[in-house]
Amino acid sequence: QVRVVDSGGGLAHPGGSLILSCAGSGSLFNNYPMGWSRQTPVKERELIARISSDGRTAYADSVKGRFTISRDKGKSMVYLQMDNLAREETDVYYCNTVGTVPDYWGPGTQVTVST
């Protein structure tokens with residue numbers, strides 16, 4: 001069984017940066033594609049970045065060029081560097097496995113972009 005715990009959310013100013021972290025456990029964690037998703041109560045959950053087990057990345061158009069996903073297999077960690085944040089990106093952000101059955105999700109970490 002895989003367990004993921006996301007963290008690192010908080011308050012950022014518009015145009016600012018935050019780094020989210022995802023700690024994984026379980027023997028299969030490093031073999032799974034991983035992603036970061038976000039959701040507010042009025043929107044559907046959106047997968048914004050993903051990384052394969054061998055490090056290939058893909059991004060939603062809305063974050064391309066501003067967000068960077070990475071993973072450190074030695075530490076069983078996945079990161080999301082978020083730059084040039086906008087107010088409308090205030091959301092709960094989740095670390096999750098991508099394309100696995102079952103899928104595994106972190107509890108979510110709140111990101112608030114505000115002055």
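The structure contained in this document is the topic of the report that follows. (Residues numbered from 1 in each chain as written. Predicted model: local features only at pLDDT ≥ 70, side-chain atom pairs only at ≥ 80, totals over all residues. Heavy atoms only, no water.)

**A short note on the overall build of the protein chain**
Along the backbone of the protein chain there are zero helices and 10 strands. Each helix (α) and strand (β) of the protein chain, taken in turn from the N terminus, gives the series β-β-β-β-β-β-β-β-β-β. Overall size of the protein chain, expressed as C-alpha extent along the three principal axes, is 40 × 25 × 25 Å. When the 115 residues of the protein chain are sorted by exposure, 42% land in the buried category. Put simply, of all contacts in the protein chain between residues at least 6 apart along the chain, 55% involve residues at least 24 apart. (Helix = DSSP H or I, 4+ residues; strand = E, 2+ residues; numbered from the N terminus. Buried < 20%, exposed > 50% of the residue type's maximum accessible area, 1.4 Å probe, protein only. Contact = heavy atoms within 4.5 Å.)

**Quick look at the pairing of strand E4 (residues 34-39)**
Most of E4 sits inside the fold, with five of its six residues counted as buried. Sheet topology note: the E4/strand E5 (residues 46-51) ladder contains five bridges and is antiparallel. Within the sheet, the bridge partner assigned to Met-34 lies in E5 and is Ile-51. Here E4 folds back onto E5, and the loop between the two strands holds six residues. (Pairing = 2+ DSSP bridges.)

**With respect to the sheet that holds strand E7 (residues 67-72)**
Strand order in the open sheet made by the four strands is E1-E3-E8-E7, with antiparallel pairing throughout. On the outer flanks of this sheet lie strand E1 (3-7) and E7, each paired with one strand and no other. Geometrically, the sheet is characterised by an average inter-axis angle of 15° between neighbouring strands, direction not taken into account. Relative to strand E3 (residues 18-25), E1 is paired through five bridges, and the arrangement is antiparallel. (Axes fitted to C-alpha atoms, helices over the stretch in contact; angles between N-to-C directions.)

**Remarks on the side chain of Asp-91**
As for its position among the elements, Asp-91 is in strand E9 (residues 91-97). For Asp-91, the residues in contact, after removing those within four places along its chain, are Arg-38, Gln-39, Thr-40, Lys-43, Thr-109, Gln-110 and Val-111.

**What to know about the pattern of salt bridges**
For side chains of opposite charge, pairing can occur when their charged atoms come near one another. One pass over the full model with this rule turns up six salt bridges. Measuring nitrogen to oxygen at the nearest pair gives 3.3 Å for the salt bridge that ties Arg-38 to Glu-46. Using a relative accessible area of 6% as the deciding quantity, one classes Arg-38 as buried. Under the relative-accessibility criterion, Glu-46 is labelled partly exposed at 28%. In this structure, Arg-56 and Asp-54 form a salt bridge, with 3.0 Å as the shortest nitrogen-oxygen distance. For the pair formed by Arg-56 and Asp-54, the shared burial category is exposed. (Salt bridge = Lys/Arg side-chain N within 4 Å of Asp/Glu carboxyl O.)

**Observations regarding the sheet that holds strand E6 (residues 57-59)**
In space, the six strands of this open sheet follow the order E2-E10-E9-E4-E5-E6, with mixed pairing throughout. Of all the strands in the sheet, the pair left with one neighbour each is strand E2 (10-12) and E6. Between one strand and the next, the sheet's axes are offset by a mean angle of 25°, whatever the strand orientation. One ladder, built from three bridges, connects E5 with E6; its direction is antiparallel. Bridged to Ile-51 within E6 is Thr-57.

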